[in-house]
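Results of the structural survey
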Amino acid sequence: MITKDPDSIEHYLHNENKELREQNHEFKLPDVMGILPIRNTVAYPGTVTPLAIGRQRSKALLADTKPNESIIGLVTQHNPKTDRPDFDDIYSVGTVASILKVIKMPQGLTHVVVHGIARFRIKKPIAIEPYLKARVQLLDVKARMTKKLRALIVSVRQTANRVIALSPNVPEEASVLLENIENPSALADFLAANLSLDIAEKQNLLEELDAAKRLEKISVALANQLEVLELSHKIQGRVRESVEKNQREYFLQEQLKAIQSELGKGDLRTEELREIGQNIKQAKMPEKVEAEALRELDRLGKIPPASPEYSVIRTYLDWVCELPWSIKTEDRLDINQAERILNRDHYDLRKVKKRILEFLAVRKLHPTGKSPILCFVGPPGVGKTSLGQSIARAMGRKFIRISLGGIRDEADIRGHRRTYIGALPGRILQELRKAASKNPVFMLDELDKIGADFRGDPASALLEVLDPEQNFSFTDHYLDQPFNLSGVMFIGTANYTEPVPPALRDRMEVIELPGYTEHEKLNIAKKYLIPRQLKEHGLSKNRLSIKDEATLATIRDYTREAGVRNLERSIAAICRAVATEIAKTKKRRATIGKNNLAKILGPRQFESELALRTGIPGVATGLAFTPVGGELLFIESASMPGKGGLVLTGHIGDVMKESAQAAFSIVKANAKKLKIDANKFKKFDYHIHVPAGAIPKDGPSAGVAMFTSLVSLLLGKATRPEVAMTGEITLRGLVLPVGGLQEKILAAKQSGIETVILPARNKKDIPEVPAEAKKGLRFEFVKNTTEALKIALNTE
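Only a predicted model underlies this, so the values are computations on that prediction, with no experimental measurement involved.

A short note on the sheet that holds strand β9 (residues 441-445)
Pairing is parallel in the open sheet, where 5 strands are placed in the order β8-β9-β12-β7-β13. The two strands at the open ends of the sheet, each matched to only one other strand, are β8 (399-403) and β13 (509-512). Here the strands of the sheet are splayed against their neighbours by 20° on average, with no regard to which way each runs. Relative to β9, β8 runs parallel, the two being bridged by 5 bridges. When the sheet's bridge partners are listed, Ser 403 is paired in β9 with Asp 445. Each of β8 and β9 is contacted by helix α16 (residues 427-435), which is oriented at about 150° to β8, the strand it contacts most.

Next up, the structure:
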């Protein structure tokens, strides 16, 4: 509680036996009065308040008034930062005041002393310039003396006198003044003016016209202040003996200890250290890790909380305690149930399902065995990521997925060392902490899209994570203690394995997920995609029926992909169109057939490759494997007058260029055997082009097609249009095996090819290709380029 200066007290002593001016009916308040906005204070009737005047409007108001003759209205601003307040920026209730004294100071400031007289309310704004002027109404206070009010006055005086006694900066005259104020409203205003309250609470007391209610609020505020002062006095008495150093920080800490002791909670910091110690014991971490954590806890207890090192150690201990050192989920080892879950979630994918069931069978016989580290490789949209979720569900484990696409910093895997500001563990430990399990299914998505720069190589950091012989002691830079990852089932995904570093690829069991056949896509659409899209669009089987012919037409004419993402988008478009139609016309049911697709999905996006095949010499049909599945390549060769040079175009990579050079060399070297005039190589230049020049192409598997294209051109004999081929060639004319066989065969099947020329050493891979993809195709296995020419050109 802080009182005004002695002049204010003397003024109260002079007027305390008189009725307040605001209750004196002889006091005449003018209808219109100048308003002086004040900030950070509230003026009360009967109080003397000094004010510093600096704003232009306030100076203009003072210029129109004379000390001891004029009265003004003092009203508090809502926001003290407003420099030019309007009527919307001030409260509606204020205090009528007379100006006692005006003192002009240097630098344009003016100090005035005002004396509050009565409360008033602003009825209507009159003017804003040159200063605020308003029509006002005098407010009368209610002060009916009752027994309850007399008791309240006595209680308030006693509490106020105790507050004055405990406050060292309050003059003795304050107690004398309290005893001499008889009027309850005057007593309430005096105390309200001197209490440490915020502006909103003070304004609320000013607006309260009932003196009894005002005293009740002040009684509560005085009681709170008295309690704080008494507790502070008690604390200072206890702490004074123990304070030896004149340091403010130390003094505050001792005060805090005494406060906690008074509340019966003990020392807050001691409680915090004890709680951390309990968390370390409950985490059941390895002995070495626990010893290190306890050592850090001991350091924490010796460091002042204000030290930067304190927060670093505290954060480290929180991470150590929250990691799942001993928490794991029990594997669901019911093989039949796991098989049902896998079959329910995904169509086909026999090889992957077989591998998961084998793992569960081994885990059932050998519960402490190591978890496998798998890598699903396949085109986009074949279900690699969703398969990981299905595996976790089948095993009863938690599922974690992080995307590694675009990661370039090794610290994303292994974390930062604690010496760096804001250091955190790597993504591996972060996700394990969120999962609260030490044996989840952990999917590392997009392994083939990891980057590397000056900050390190994340792929190299994964070598320890994905090595069963090392990951039982994986050490994160931040944690700096080994964490056992051997119980985690890691599953990587990639579109193709070439960009994955060989050392990382060697640590994983690669399972290829080839593209789906037309029949498989149809079944997936019927079992999974159509029901899911119907549910998402608020439709049911009774409202929308998509015929199989429509689904097949969508697969053939509107999507060309190995997976089913675009197929699902097309089904979603059909559902949206039907939902719109139902909403517009209140149509109850729709059946989508093949003939309805053009109206919904637009014209056909893909034509059969049969239209592009031709019987012109110099054109051969090759088969290529891309990240999105297999496709046909039309290798075109042309000759022009020249000196035997070779030009290659079509946005092809270095490996493909070398294949073209090798094919050209084989043709030149075997010109006589192939019955080609050798002079043609002296008089003509040759140009090999692979269409779709905007799409990058690479790989050695187009070697046979390039060779066949050149021979076809030089012999003037067209290749068979129903034949496609793939295979790498050597300078000796041998045909070597290639990869991506299933995708290439699927592309040939969808494009209407009848005969496929394959390397003889790929014959062993044919059983892996689905029977549906092989149906209607004839496979010719060749060992060298001569055998390939016999089939492609129908020649000896």
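Here's the deal with a nonpolar patch on the surface
Where nonpolar side chains cluster on the molecular surface, the patch consists of Ile 103, Met 105 and Leu 109 and spans about 230 Å² of accessible area. Along the chain, Leu 109 turns up in the loop between β4 (93-104) and β5 (110-127). Assessed through its relative accessible area of 38%, Leu 109 is described here as partly exposed.

Section: the packing of aromatic side chains
The full count for this structure, using the stated rule, is 6 aromatic pairs. Seen in terms of ring centroids, Tyr 316 and Tyr 478 are 5.9 Å apart; in terms of plane orientation they differ by 55°. Their pairing is tilted. You can see Tyr 316 sitting in helix α11 (residues 308-322) and its partner Tyr 478 sitting in the loop between β10 (474-475) and β11 (482-483), a full 162 residues away along the chain. Its relative accessible area of 2% is what places Tyr 316 among the buried residues. The exposure class assigned to Tyr 478 is buried, which follows from its relative accessible area of 3%. On the basis of an interplanar angle of 75° and a centroid distance of 6.0 Å, the ring pair of Phe 664 and Phe 681 is categorised as edge-to-face. Taken together, the residues span a long stretch of sequence, with Phe 664 in helix α23 (residues 654-669) and Phe 681 in helix α24 (residues 680-683) at a distance of 17 residues. Relative accessible area serves as the criterion here: at 9%, Phe 681 is assigned to the buried category. Each member of the aromatic cluster is reached from another via a ring pair, and the members are Phe 664, Phe 681 and Tyr 686. The aromatic ring of Tyr 316 is capped on one face by Arg 418, whose charged end is 3.8 Å from the ring centroid. Here Arg 433 stacks its cationic end above the ring of Trp 319, 3.9 Å away from the centre of that ring.

The rules behind the values
Residues numbered from 1 in each chain as written. Predicted model: local features only at pLDDT ≥ 70, side-chain atom pairs only at ≥ 80, totals over all residues. Heavy atoms only, no water. Pairing = 2+ DSSP bridges. Helix = DSSP H or I, 4+ residues; strand = E, 2+ residues; numbered from the N terminus. Axes fitted to C-alpha atoms, helices over the stretch in contact; angles between N-to-C directions. Contact = heavy atoms within 4.5 Å. Patch = residues over 30% accessible without salt bridge, like charges linked within 9 Å, V, L, I, M, F, W, Y side chains within 5 Å. Areas by Shrake-Rupley, 256 points an atom, 1.4 Å probe, with all protein chains shown as cover. Salt bridge = Lys/Arg side-chain N within 4 Å of Asp/Glu carboxyl O. Buried < 20%, exposed > 50% of the residue type's maximum accessible area, 1.4 Å probe, protein only. Phe/Tyr/Trp six-rings, centres within 6.5 Å; stacked < 30°, edge-to-face > 60°. Lys NZ or Arg CZ within 6 Å of the ring centre and 35° of its normal.

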